[in-house]
Amino acid sequence: SPNVNHKKVRATVADTFPDAEVEDTRDMLATIAGFVRFGQMLALGLSALVLSVMAVFGAMTVSAVMPGNYRALAMLEFVGASDAFLTRLITRQVFKQALLGWVLATALGAASVGGAVMAWPVLAQYVTPASWATVALMPLILVVLVVATARYTATRVMAHKGGV
């Protein structure tokens, strides 16, 4: 680091341990930092991939469920339900399921972090309130993504078929 007097350190080491050498590890640390950055980018890419897959699954689920409920949706439309009402109804059902998934994912994440801390107590110093907030909020991103995808897909399907 720039605050260290390297000549003084080398002289002290040479006086104390005449056969010892002080190696400059900056190149090795730069290589390690590069690997850490690569790992971070890999994790970010995998997270984006998981979010994309979740959006596709949400869209495919809504697209597959709507034709299966054609009669019920047609009956609701026959008695005066608008496309907007039906879209809200479908979105609400998806939201309820996604909310249940969020609760389960948050509980599983909290149990995982708690189990890791119990298994390796040294990790406790790294588990901060921000860590717990992340455990609770990350699944919420998936809820928002799935509900938005369901709403978009339901709207498109309703518009494409001229209603149901």
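Residues numbered from 1 in each chain as written. Predicted model: local features only at pLDDT ≥ 70, side-chain atom pairs only at ≥ 80, totals over all residues. Heavy atoms only, no water.

Visitor: Provide a residue-level description of helix H4 (residues 83–119), including the pertinent values.
Guide: With 37 residues, H4 should cover 54 Å at 1.5 Å per step; its first-to-last C-alpha distance of 53 Å lies within 8% of that length. Of the positions making up H4, those classed as buried are Leu86, Thr87, Ile90, Thr91, Val94, Ala98, Thr106 and Gly114. Among the structural elements, helix H2 (26–68), helix H3 (70–78) and helix H5 (129–160) are those in contact with the buried residues of H4. (Helix = DSSP H or I, 4+ residues; strand = E, 2+ residues; numbered from the N terminus. Expected span 1.5 Å × (residues − 1). Buried < 20%, exposed > 50% of the residue type's maximum accessible area, 1.4 Å probe, protein only. Contact = heavy atoms within 4.5 Å.)

Visitor: With reference to specific residues and values, describe the environment of valine 157.
Guide: For valine 157, the position within the fold is in helix H5. Residue classification places valine 157 among the buried positions, given a relative accessible area of 17%. The sequence separation of valine 157 and methionine 66 amounts to 91 residues, and the corresponding C-alpha distance is 8.2 Å.

Visitor: Would you mind going over the confidence of the model for the protein in detail, with residue names and values included?
Guide: Across the protein, the average pLDDT comes to 86, with 96% of residues at 70 or higher. Considering each helix and strand of the protein separately, the mean pLDDT is smallest for H3, with a value of 81, and largest for H4, with 91. (pLDDT = per-residue confidence, 0-100.)

Visitor: Let's hear about the packing of H4 against H5: which residues, and what values?
Guide: Running from N to C, H4 and H5 point in directions that differ by 160 degrees, and their axes come no closer than 8 Å. The pairing of H4 with H5 is recorded here as roughly antiparallel in orientation. Of the two elements, H4 crosses H5, and the hand of that crossing is right-handed. Of the residues contributing to the contact of H4 with H5, the split by class is 20 nonpolar, six polar and three charged. (Axes fitted to C-alpha atoms, helices over the stretch in contact; angles between N-to-C directions. Parallel < 35°, antiparallel > 145°, perpendicular 65-115°, else oblique. Left-handed = near helix turned anticlockwise from the far one by under 90°. Nonpolar A, V, L, I, M, F, W, Y, C, P; charged D, E, K, R; others polar.)

Visitor: Residue-level account of the nonpolar core, with values.
Guide: In this structure, Val62, Met66, Leu73, Ala81, Leu86, Ile90, Val94, Val146, Ala150, Ala154, Val157 and Met158 together form the largest nonpolar core, which totals twelve residues. For this core, the elements supplying multiple residues, two or more each, are H2, H4 and H5. Of the residues forming this core, the biggest block, five residues, is contributed by H5. Those residues in contact with alanine 154 that sit more than four places away from it in its chain are Val62, Met66, Thr87 and Ile90. (Core = buried A, V, L, I, M, F, W, Y, C linked by side-chain atoms within 4.5 Å.)

Visitor: Kindly report on the packing of H2 against H5, identifying the contributing residues and their values.
Guide: Two numbers describe how H2 lies on H5: the axes approach to 8 Å, and their chain directions differ by 40 degrees. Here H2 lies oblique to H5, going by the angle between them. With respect to the hand of their crossing, H2 and H5 are arranged in right-handed fashion. Residues Leu51, Met54, Ala55, Gly58, Ala59, Val62, Ser63 and Met66 of H2 form the contact with H5, whose own contacting residues are Ile141, Leu142, Leu145, Val146, Thr149, Ala150, Thr153, Ala154, Val157 and Met158.

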